[in-house]
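Residues per chain are reported as follows:
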Amino acid sequence: MKVRCVHNTGEALRAYESKELNKDELGRFGATGHTEYGVKIGKEYVVMGMLMGEGVLGYVIDDGGHISAYPYPLFEVTENNIPSTWFFKSYKNTDESYPYQETVWGYHELVFDDAHYEKLVEGDEEAERIYFKRKIELEKEQAQQQ
């Protein structure tokens, strides 16, 4: 799966809010109207996973060495095939590790290691090594499909 960045600010997310917010208020995407994301408009990204929490979908991507889940409205889907190596997990509301996490799709460690995503965001070397190893595998799979 690939996406292209079409927006990179919290202001662009305001159209997806359930109510009107002033620029300083946090919305359901965890952003204010002032928030700037480190993704580049026009750039295409390989999606390594998807996280759904509190009804908000995020694409797990990397840009400039930073790995995070970015809100889906910042992107348009350019390739919508789901990798054959992805897994899926649904969390219950009572899961203490991820009380707001509802579902996750992605490579094995992202789905089944409850600490993996948090380690990625914190810049843990081992977690990043796994992420990029899985990304290389995914890119090889995508190249074979073309």
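All values derive from a computational prediction rather than experimental measurement.

Trainee: Break down the side chain of glutamine 142 for me, with residues and values.
Mentor: Turning to its location among the elements, glutamine 142 is positioned in helix α3 (residues 125-145). Its relative accessible area of 6% is what places glutamine 142 among the buried residues.

Trainee: Give a detailed account of the packing of aromatic side chains, specifying residues and quantitative values.
Mentor: For the structure shown, the criterion picks out nine aromatic pairs. Summarising the aromatic geometry, the rings of tyrosine 37 and tyrosine 70 are spaced 6.1 Å apart at their centres and angled 70 degrees between planes, so their arrangement reads as edge-to-face. Remark: tyrosine 70 occurs in strand β5 (residues 66-71) and tyrosine 37 occurs in the loop between β1 (2-5) and β2 (44-46); sequence separation between them is 33 residues. Residue class for tyrosine 37 comes out buried when judged on its relative accessible area of 17%. Among the aromatic residues, those joined into a cluster by ring pairs are Tyr16, Phe29 and Tyr72.

Trainee: Before we move on, can you summarise the environment of tyrosine 117 with the specific residues and values?
Mentor: Mapped onto the elements, tyrosine 117 comes out in helix α2 (residues 116-122). Considered as a pair, tyrosine 117 and valine 60 are 57 residues apart in the sequence and their alpha carbons are 9.1 Å apart.

Trainee: Outline the environment of tyrosine 70, supporting the account with residue identities and numerical values.
Mentor: Tyrosine 70 gets classed as buried once you look at its relative accessible area, which sits at 5%. Considering only alpha carbons, one finds tyrosine 70 and valine 60, ten residues apart in sequence, at a separation of 6.5 Å. Setting aside its immediate chain neighbours within four residues, tyrosine 70 contacts Tyr37, Gly38, Val39, Leu57, Gly58, Tyr59, Ile61 and Phe75.

Reading the values: rules and limits
Residues numbered from 1 in each chain as written. Predicted model: local features only at pLDDT ≥ 70, side-chain atom pairs only at ≥ 80, totals over all residues. Heavy atoms only, no water. Helix = DSSP H or I, 4+ residues; strand = E, 2+ residues; numbered from the N terminus. Buried < 20%, exposed > 50% of the residue type's maximum accessible area, 1.4 Å probe, protein only. Phe/Tyr/Trp six-rings, centres within 6.5 Å; stacked < 30°, edge-to-face > 60°. Contact = heavy atoms within 4.5 Å.

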